[in-house]
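Residue-level structure breakdown
This is what each chain is made of:
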Amino acid sequence: MFMNKNQKDVDQSDKVGSAMGSSAPKPTSMKGNKNPEQPQIPASSPLRTDDSSPLTTNVGQPIADDQNSLKAGERGPVLLEDYVLREKLQHFDHERIPERIVHARGAAAHGYFELYESLQDLTTAKVLTDTSAQTPVFVRFSTVAGSRGSADTARDVRGFAVKMYTPEGNWDLVGNNIPVFFIQDAIKFPDLIHAAKPEPDREIPQAATAHDTFYDFLSLTPESMHMLMWIMSDRTLPRSFGMMEGFGVHTFRLVNAAGKSTFVKFHWKPLLGVHSLVWDEAQQIAGHDPDFHRRDMWDSIKMGNAFEWELGIQTLSEEDEQKFDFDILDATKLWPEELLPVRRVGKMTLNRNPDNYFAETEQVAFNTTNVVPGIDFSNDPLLQGRNFSYLDTQLSRLGSPNFTELPINRPLVQVSNNQRDAQMRYTINKGRVSYAPASLDGHSPDEVTPARGGFTSYPERVNGPKIRARSQSFNDHYGQAKLFWNSMSGPEKEHIVKALQFELSMVETRAVRQRMVEHLGKVNDMLAAQVAAALGETMPESDASTKARGTADSVDGAKQLADATSPTTASGGVQQSKALSMENQPTSPKGRKVAILVAAGIDVNQVKQLQQALTKAGAMSEIVGPHLGMIAGDGGELEATKTLANASPALFDAVFVPGGKGAEALKKKGDAQVFLAQSYKHGKAIGVLGESVELLKKALPDGASLTKMGVVSGADAGKEKQAIQNFVDSVGTRHWSRTALEHVAA
Ligand code: HDE
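My aim in this report is to walk through the structure given alongside it, one point at a time.

Reading the values: rules and limits
- Residues numbered from 1 in each chain as written.
- Predicted model: local features only at pLDDT ≥ 70, side-chain atom pairs only at ≥ 80, totals over all residues.
- Heavy atoms only, no water.
- Helix = DSSP H or I, 4+ residues; strand = E, 2+ residues; numbered from the N terminus.
- Expected span 1.5 Å × (residues − 1).
- Buried < 20%, exposed > 50% of the residue type's maximum accessible area, 1.4 Å probe, protein only.
- Near = heavy atom within 4 Å.
- Polar contact = N/O pair within 3.5 Å; in protein donor to acceptor, adjacent residues only side chain to side chain.
- Nonpolar A, V, L, I, M, F, W, Y, C, P; charged D, E, K, R; others polar.
- Core = buried A, V, L, I, M, F, W, Y, C linked by side-chain atoms within 4.5 Å.
- Domains from an automatic or database assignment.
- Contact = heavy atoms within 4.5 Å.
- Pairing = 2+ DSSP bridges.
- Axes fitted to C-alpha atoms, helices over the stretch in contact; angles between N-to-C directions.
- Donors = N, O, S within 2.8 Å, 3.2 Å for Na, K, Ca; no water.

**Some points on helix H8 (residues 381-398)**
Since there are 3.6 residues in each turn of an α-helix, residues three or four apart along the chain are aligned in direction. Counted at 1.5 Å a residue, the expected span for H8 with its 18 residues is 26 Å, and the 26 Å between its end C-alpha atoms agrees. Buried within H8 are the following residues: Leu 382, Leu 383, Arg 386, Asn 387, Gln 394, Arg 397 and Leu 398. At the exit of H8 stands Gly 399, carrying a positive phi of roughly 85 degrees.

So, in structure tokens, the structure goes:
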């Protein structure tokens, strides 16, 4: 019999789980799990092939000719007998599964989670108590509204779904990069998504909320106002998946060995800090590189820059459930960190790219009900609805209840129960018993008591009438929207204003625009006035609105907005929360990308020094030349990997132009000037040395700040080294207070 070379190593036994793809999480890293029954993943698997394998059909027959179909004569008709052709085309015809109705576009990576300190006072979950374990994880990031083929940088919430392969089964924390949600009850979710998705008659617009149906729904759903502030903020334009926070959103429970329950909110805090793009950049990137985020993650991990987050928890005792002026079961509310601080308890590292997009990233199936003993649900009505929805979705998406047997979805621990059969059953169970109670098989598998680690639901006392209603305590819809607005810096507020001006200007129905302005007026006068002004709508006269209209477009806009605050409610007395602003986030050049503009005659030593310093700092760079390939410079040659025609400044975090004669040639190039002007306008670090200082001057209008706020210029010979280091240090930072921004033509 012919045997594929990968097959010969494989354990061919019919033991449960004996054949998992090598793409599955590697159990070897799970130090804590000593279960002898645990399936061993073979180093190679019959499910995996590589390019050097002999070509076969799907049942292993060797194929001699895969280039020509079987014909009756060289010029004759193709024969139905050609099973090689039919198998290949039929496989192809069925190569897609239904895309996710939400979160269709995503990218994922493997990694692991390590706990800093045991949380045994709060929970029995091994993943949160065993500090010696390294728990494998698979994390999928996604946009919500767009289809699979849409662009990464659409203004949208990002999904942040974490699957942990723990010794007690899989724990899925299916969260977002925003801590709250649009609606309070799951029964409204289909309406929300129908309103956000392309309009059903015209299938327009793709991956965008800027249209009538979305704002029609929001304007009639005041509970969405807090979330609206978040989605109009820079949070929906992340610079990188690795520079986003993650949130479990809902209130969950932790339950300890004594059966005591504590409410908990989960957070992921990125070690690279939280950073964003600007809207203009995001739009350009959608054209230049729709795969921007997935490429960034792939390249970063490939070059050894793992993405890292700390797991944070906010906890609240059962006794304090009713302590605040917001309801902890309401997913449109966050717990201000000033009120309930985040305790950082562990670290997640993503350091391995998937082997196969479809087998892993597309087929991974998250489910909010995948919790482990010691973690339980609250009565948040949004979470309760999700607890039905995810399994239901996976059944229709993956076509069979056996999707849990796919390598990426399989837990690393033994699965044993009496469930059998169904489409695509992969496990070969042995014996006569597939029911319980059963004496024929020694009562195996048998239930596990809670004392021995079996999952048991927290016995919360529930008593109430059967009723379709919402608690009064869910009624405040503007308090935390104000808290968020108050907490933003001037430039962040300006970005929110501009986002709303843009989005609502795309709404054709005037009544919807007006309703939205009215809602904004309940958040902040000046915010509403500025949006109203751009829409040509009127606001009731007030001091703030008159003042705001006067400054709608002025240089001082951000400064004045910084002072525009509103007294809040539903926030436990916290009026402003530093944790909500991105202003004070750590910055570093790590994971950033720098464009180095060059032309013949450029100073090659400066480029080499810069590249060295960037590599040391964990940053990437590309040489952008007049053409691809070698460019002769002063002191050697450089290889250009991009050209001004295919490298938009939007794809880079900073730009550097070395000195030397080449600067003269660049000065004559409009594209080079636009490159610098746009980088300036978007607040990015700019480094110009020697002769290139003149190029920058030419690119910017009078009054632009040339020597500070992220512009590093070194005209003096001998000071280049310091200038290069200063530039590298500022690569991860945006400089919002630059002057003359509105005069920059880019
Ligand atoms: Fe989801 N959501 N969702 N969601 N969600 C899905 O499941 C749903 C909600 C989130 O990378 C679907 O497998 C309902 C909140 C992420 O594969 C579906 C409700 C949050 C992902 C579904 C919500 C999320 C999904 C579509 C309201 C943040 C992507 C495909 C009750 C806490 C997971 C799928 C991945 C995916 C239903 C609300 C996050 C249809 C009914 C709130 C990150 O089952």
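**Thoughts on the site of the ligand**
The local shell around the ligand holds 24 residues, among which Arg 100, Arg 140, Tyr 390, Thr 393 and Gln 394 are the closest. Here an oxygen atom of the ligand and a side-chain polar atom of Arg 100 are 2.8 Å apart. Between an oxygen atom of the ligand and a side-chain N or O atom of Arg 140, the distance comes to 2.7 Å. Looking at the shell around the ligand, the elements with two or more residues in it are strand E3 (158-166), strand E4 (169-176) and H8. Of the residues belonging to the shell around the ligand, the class tally is 12 nonpolar, nine polar and three charged.

**Side note on the nonpolar core**
Core analysis: the biggest nonpolar cluster contains 57 residues, and Leu 597 and Phe 727 have the highest contact counts within it. Counting only domains with at least three residues in this core, you end up with domain 1 (106-203 + 238-405) and domain 3 (593-743). Here Leu 597 is in contact with Ile 602, Val 624, Leu 644, Val 655, Phe 656, Val 657, Pro 658, Leu 666, Ala 672 and Phe 675, once residues within four sequence places are set aside. The next biggest cluster of nonpolar side chains, apart from the first, holds 56 residues, and it includes Ile 178, Phe 214, Val 523 and Ala 564.

**Some points on the sheet that holds strand E11 (residues 593-597)**
Ordered in space as E15-E12-E11-E16-E17-E18, the six strands form an open sheet in which the pairing is parallel. In this open sheet, the two edge strands, each paired with only one partner strand, are strand E15 (642-643) and strand E18 (711-714). Across three bridges, the pairing between E11 and strand E16 (residues 654-657) is parallel. Residue pairing in the sheet places Ala 595 in a bridge with Val 655 of E16. The sheet strands contacting helix H17 (residues 670-681) are E11, E16, strand E17 (685-689) and E18, and the helix crosses E16 at an angle near 140 degrees.

**A word on the packing of helix H2 (residues 189-196) against helix H3 (residues 212-219)**
Running from amino to carboxyl end, H2 crosses H3 at an angle of 145 degrees, the nearest separation of the two axes being 7 Å. Contacts between H2 and H3 pair Asp 191, Leu 192, Ala 195 and Ala 196 from the former with Thr 213, Phe 214 and Phe 217 from the latter. Residue classes in the contact of H2 with H3 are distributed as five nonpolar, one polar and one charged.

**Topic: the coordination of the iron atom of the ligand**
When a metal carries six donors in an octahedron, the ideal angles between them are 90 or 180 degrees, while four donors in a tetrahedron ideally lie at 109.5 degrees. Inspection of the coordination sphere of the iron atom of the ligand shows a single protein donor, Tyr 390 (OH), at 1.9 Å. By the element assignment, Tyr 390 lies in helix H8.

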